[in-house]
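# Descriptive analysis of the structure
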Amino acid sequence: FTTALDVMSEVFEDNDLLFDVVIMDECAQALEIAVWGPILRTKKIILAGDHLQLPPVIRSKEVKDDYELVQTTFQRVLEMMKHLDKPGYEESYKGIYKLLSIQYRMNRHIMAWSNSQFYENRLNSDDACAQYTLDEFLKNDSPIKKAPVLMLVDTEGKTREDSVGSSRINIGEA
């Protein structure tokens, strides 16, 4: 196991090193330039990630404004795949994309919002987590027990500059 950037470091100085398979998890958060090292060191690469979740963290304003620099390999592959259903493309290309449609992390009511907003209602909650709540962890008199499982709060306009440094706080999220 290694990071995408470390695969090009002195730890792997043998230039002939070639992996049979590289699996890049959270690839939708990796900038394209970070994926080239693993691509050059493998016969086959499997990209795993979710382009509808968090994007890469980019701190440079100049870089953020340059789409070519901030594009992820995951985005590029998905854009290329949009054309695979058109006539003239090899049948063998079909099936290289797989949506993992069962989630094992959250209550079905929480999942329902993101499912309708981003996933065209193609996700399902596994029975083991579909009914998860905090009830078993809370005391009987906890006011949180009466709160809905999911509550969306608009925090726009509630961000302000902190008086120390350049950090920001958002009172509405707190």
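Residues numbered from 1 in each chain as written. Predicted model: local features only at pLDDT ≥ 70, side-chain atom pairs only at ≥ 80, totals over all residues. Heavy atoms only, no water.

## A look at the environment of Met8
Looking at where Met8 falls in the secondary structure, it is placed in the segment before strand E1 (19-24). For Met8 and Leu40, which are 32 residues apart along the polypeptide, the C-alpha to C-alpha distance reads 9.2 Å. Excluding its chain neighbours within four sequence positions, the residues that come into contact with Met8 are Gly37 and Arg41. (Helix = DSSP H or I, 4+ residues; strand = E, 2+ residues; numbered from the N terminus. Contact = heavy atoms within 4.5 Å.)

## Notes on the packing of aromatic side chains
In this structure the tally under the stated criterion is two aromatic pairs. A centroid spacing of 5.8 Å and a plane angle of 80° characterise the contact between Trp113 and Phe118, whose relative ring orientation is edge-to-face. Trp113 sits in the partly exposed class, given a relative accessible area of 35%. On the basis of relative accessibility, which here comes to 39%, the residue Phe118 falls in the partly exposed class. Aromatic side chains Phe118 and Tyr119 sit 6.5 Å apart centroid to centroid with 70° between the ring planes, which places their arrangement in the edge-to-face category. Members of the aromatic cluster, connected to one another through ring pairs, are Trp113, Phe118 and Tyr119. (Phe/Tyr/Trp six-rings, centres within 6.5 Å; stacked < 30°, edge-to-face > 60°. Buried < 20%, exposed > 50% of the residue type's maximum accessible area, 1.4 Å probe, protein only.)

## Things to note about the pattern of salt bridges
Counted under the stated rule, the structure contains three salt bridges. The residue Lys43 makes a salt bridge to Asp20 at a minimum N-O spacing of 3.2 Å. Of the two residues, Lys43 sits in strand E2 (residues 42-47) while Asp20 sits in strand E1, which places them 23 residues apart along the sequence. Grouping residues by exposure puts Lys43 and Asp20 together as exposed. We note a salt bridge from Arg122 to Glu120, for which the minimum N-O separation is 3.7 Å. (Salt bridge = Lys/Arg side-chain N within 4 Å of Asp/Glu carboxyl O.)

## Quick notes on helix H1 (residues 32-40)
Residue pairs three or four apart in sequence face the same way in an α-helix, which turns once every 3.6 residues. Along H1, the residues classified as buried are Glu32, Ala34, Val35, Gly37 and Pro38. Buried residues in H1 make contact with E1, E2 and helix H4 (73-81).

## So, the nonpolar core
Where a protein is soluble and globular, its nonpolar side chains tend to be buried together. Listed in full, the eight residues of the largest apolar core are Val22, Met24, Cys27, Ala28, Ala30, Val35, Phe74 and Leu78. Sorting the residues of this core by element identifies E1 and H4 as the ones contributing at least two each. Residue contacts for Ala30: discarding those within four places in its chain leaves Met24, Val35, Thr72 and Thr73. (Core = buried A, V, L, I, M, F, W, Y, C linked by side-chain atoms within 4.5 Å.)

## Considerations on helix H5 (residues 108-118)
Among the residues of H5, Met111, Ser114 and Asn115 are the ones counted as buried. All buried residues of H5 project into a common sector of 105° when viewed along the axis, lining one side. Each element contacted by the buried residues of H5 is listed here: strand E3 (102-103) and strand E4 (124-125). Where H5 begins, the side chain of Asn107 points an oxygen toward the backbone nitrogen of His109, at a separation of 2.6 Å. (Arc of directions from axis to C-beta. Polar contact = N/O pair within 3.5 Å; in protein donor to acceptor, adjacent residues only side chain to side chain.)

## Brief notes about the confidence of the model for the protein
On average, residues of the protein score 79 in pLDDT, and 80% of them are at 70 or above. Confidence scores differ between elements of the protein, with strand E5 (residues 159-161) showing the lowest mean pLDDT of 63 and E4 the highest of 94. (pLDDT = per-residue confidence, 0-100.)

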